[in-house]
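Chain residues, written in single-letter form:
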Amino acid sequence: MTSSELWSRATAERYDTEEAGISSPAALGPTLDFLAELAGDGRALEFAIGTGRVGVPLRERGVPVVGIELSEHMAAVLRRKVDEDTLPVAIGDMATTVVPGGFALVYLVYNTITNLLTQDEQVECFRNAARHLEPGGRFVIELGVPPLRLLPPGQVAVPFDVSERHLGFDTFDLVEQVLVSHHFTLEDGRYRRGASRHRYAWPAELDLMARLAGLEPERRVADWDGTPFTQDSTKHVSVWRKPVA
Ligand SMILES: C[S@@+](CC[C@H](N)C(=O)[O-])C[C@H]1O[C@@H](n2cnc3c(N)ncnc32)[C@H](O)[C@@H]1O
């Protein structure tokens, strides 16, 4: 049983519109280049494929893609774009669901490892990625660096977006390593309130999870375009490899 919150039909129907800014061909180009190169002639498995923001254009580039997704509502939006033969999706938890065949690439983007709210489940997610990889295959994660340097003692929230139509801020439980992202979105003259829980983790903790799953660190950059990762980076794209022998 996963600890993830289930994404609703209403959220699924809004998703592509709300994420349009990071879904255009220009915005996705470096992501698709990065993933297609790692997939090579092999197959790719996307954990938490959602509405296919990344998986569908990667498939259109010629990479065979399979998805695992917890929310039937998110998968239903994907299914309007592409049929089951072209891009199969298994409904289930990415930490435990197994699909047939081996993969050259398993990837989990857009901070979605944090939807698993316990360390145990995040470790299981790494193990599930390793289970699906062929020898030499890669697991890729895109994740924000926890923004705790922005949270001085006594302050309870860190704003991450203050724009005309959206106000967003995070609050933190530093003991449980959980943050809640709060959203106030202007719709028809009223603010709609939303909130989601996330278990944040530093890159070093992910490296240890990868090691527990039998994967070796290969590369860490600050973004899909290969920008070097530094102590000031706000996110990372990390690659671990399953040893050949
Ligand atoms: C931020 S969206 C990312 C969707 C897609 N990968 C993208 O980049 O647009 C997070 C997705 O993770 C899914 N999800 C959350 N917990 C999950 C779990 N335990 N197993 C599989 N999918 C999960 C949600 O239903 C949602 O579709």
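Calculation notes
Residues numbered from 1 in each chain as written. Predicted model: local features only at pLDDT ≥ 70, side-chain atom pairs only at ≥ 80, totals over all residues. Heavy atoms only, no water. Core = buried A, V, L, I, M, F, W, Y, C linked by side-chain atoms within 4.5 Å. Buried < 20%, exposed > 50% of the residue type's maximum accessible area, 1.4 Å probe, protein only. Helix = DSSP H or I, 4+ residues; strand = E, 2+ residues; numbered from the N terminus. Contact = heavy atoms within 4.5 Å. Pairing = 2+ DSSP bridges. Axes fitted to C-alpha atoms, helices over the stretch in contact; angles between N-to-C directions. Domains from an automatic or database assignment. Buried area = accessible area lost by both parts, 1.4 Å probe. Salt bridge = Lys/Arg side-chain N within 4 Å of Asp/Glu carboxyl O. Near = heavy atom within 4 Å. Polar contact = N/O pair within 3.5 Å; in protein donor to acceptor, adjacent residues only side chain to side chain. Nonpolar A, V, L, I, M, F, W, Y, C, P; charged D, E, K, R; others polar.

*Asks:* I'd love a proper account of the nonpolar core, names of residues and values included.
*Replies:* Membership of the largest hydrophobic core comes to 29 residues, with the highest contact counts inside it found for Phe47, Phe126, Phe139, Ile141 and Leu215. Mapped onto this core, the elements with two or more residues apiece are strand 1 (44-47), strand 2 (65-69), strand 4 (103-108), helix 5 (119-132), strand 5 (133-144) and helix 6 (203-212). Looking at this core, the element that brings in the most residues is helix 5, giving five residues. Beyond its immediate sequence surroundings of up to four residues, phenylalanine 126 is in contact with Ile113, Phe139, Ile141, Leu206, Met209, Ala210, Ala213, Leu215 and Trp240. Core analysis: the next-biggest nonpolar cluster, separate from the first, contains 26 residues, Leu32, Ala44, Val82 and Leu87 among them.

*Asks:* Account for the sheet that holds strand 11 (residues 235-241), naming residues and giving values.
*Replies:* Taken together, seven strands build an open sheet; the order of strands is 3-2-1-4-5-11-10 and the sheet is mixed. Both edges of this open sheet fall to strand 3 (89-91) and strand 10 (216-221), since each of them pairs with a single strand only. The average undirected angle you get between the axes of adjacent strands in this sheet is 20 degrees. Where strand 2 and strand 3 come together, three bridges link them in parallel fashion. The residue of strand 3 that forms the bridge with glycine 67 is valine 89. Lying over the sheet, helix 5 contacts strand 1, strand 4, strand 5 and strand 11, oriented at roughly 145 degrees with respect to strand 5.

*Asks:* Hey, could you go over the sheet that holds strand 8 (residues 178-187) for me, with residue numbers and the actual values?
*Replies:* Consider a sheet: its strands pair through backbone hydrogen bonds, and that pairing is either parallel or antiparallel. With respect to topology, four strands assemble into an open sheet ordered 6-7-8-9, the strand pairing being antiparallel. Strands with a single pairing partner mark the edges of an open sheet, and in this sheet they are strand 6 (157-162) and strand 9 (190-199). Adjacent strand axes in the sheet meet at a mean angle of 20 degrees when their direction is disregarded.

*Asks:* Outline the domain arrangement of the protein, listing residues and values.
*Replies:* The domain architecture assigned to the protein consists of domain 1 (9-146 + 201-241) and domain 2 (148-196). Computed over C-alpha atoms only, the centres of domain 1 and domain 2 are separated by 24 Å. In this complex, domain 1 contributes nine residues to the contact, which on the side of domain 2 involves six residues. Here domain 1 packs against domain 2, burying approximately 560 Å² in sum over the two surfaces, 41% of which is carbon and sulfur.

*Asks:* Before we move on, could you go through the pattern of salt bridges and cite the residues and values that matter?
*Replies:* Pairing between side chains of opposite charge can happen when their charged atoms approach one another. By the definition in use, this model includes 15 salt bridges. Ionic pairing is found between glutamate 18 and arginine 192, a salt bridge with its closest N-O pair at 2.8 Å. Of this pair, glutamate 18 sits in helix 1 (residues 9-18) while arginine 192 is found in strand 9, placing the two residues 174 residues apart along the sequence. Between glutamate 84 and arginine 79 there is a salt bridge, with the nearest N and O atoms lying 2.6 Å from each other. Exposure remark for glutamate 84: the relative accessible area of 40% places this residue in the partly exposed category. Given a relative accessible area of 27%, arginine 79 falls into the partly exposed group. Through salt bridges with shared partners, a single ionic network connects Arg14, Glu18, Glu187 and Arg192.

*Asks:* Lay out the site of the ligand in plain terms, naming residues and giving numbers.
*Replies:* Close to the ligand lie 21 residues; Tyr15, Glu46, Ala48, Arg53 and Glu69 are nearest. Threonine 2 is positioned such that a nitrogen or oxygen atom in its side chain is 3.4 Å from a nitrogen atom of the ligand. Grouping the amino acids of the shell around the ligand by side-chain chemistry returns ten nonpolar, seven polar and four charged.

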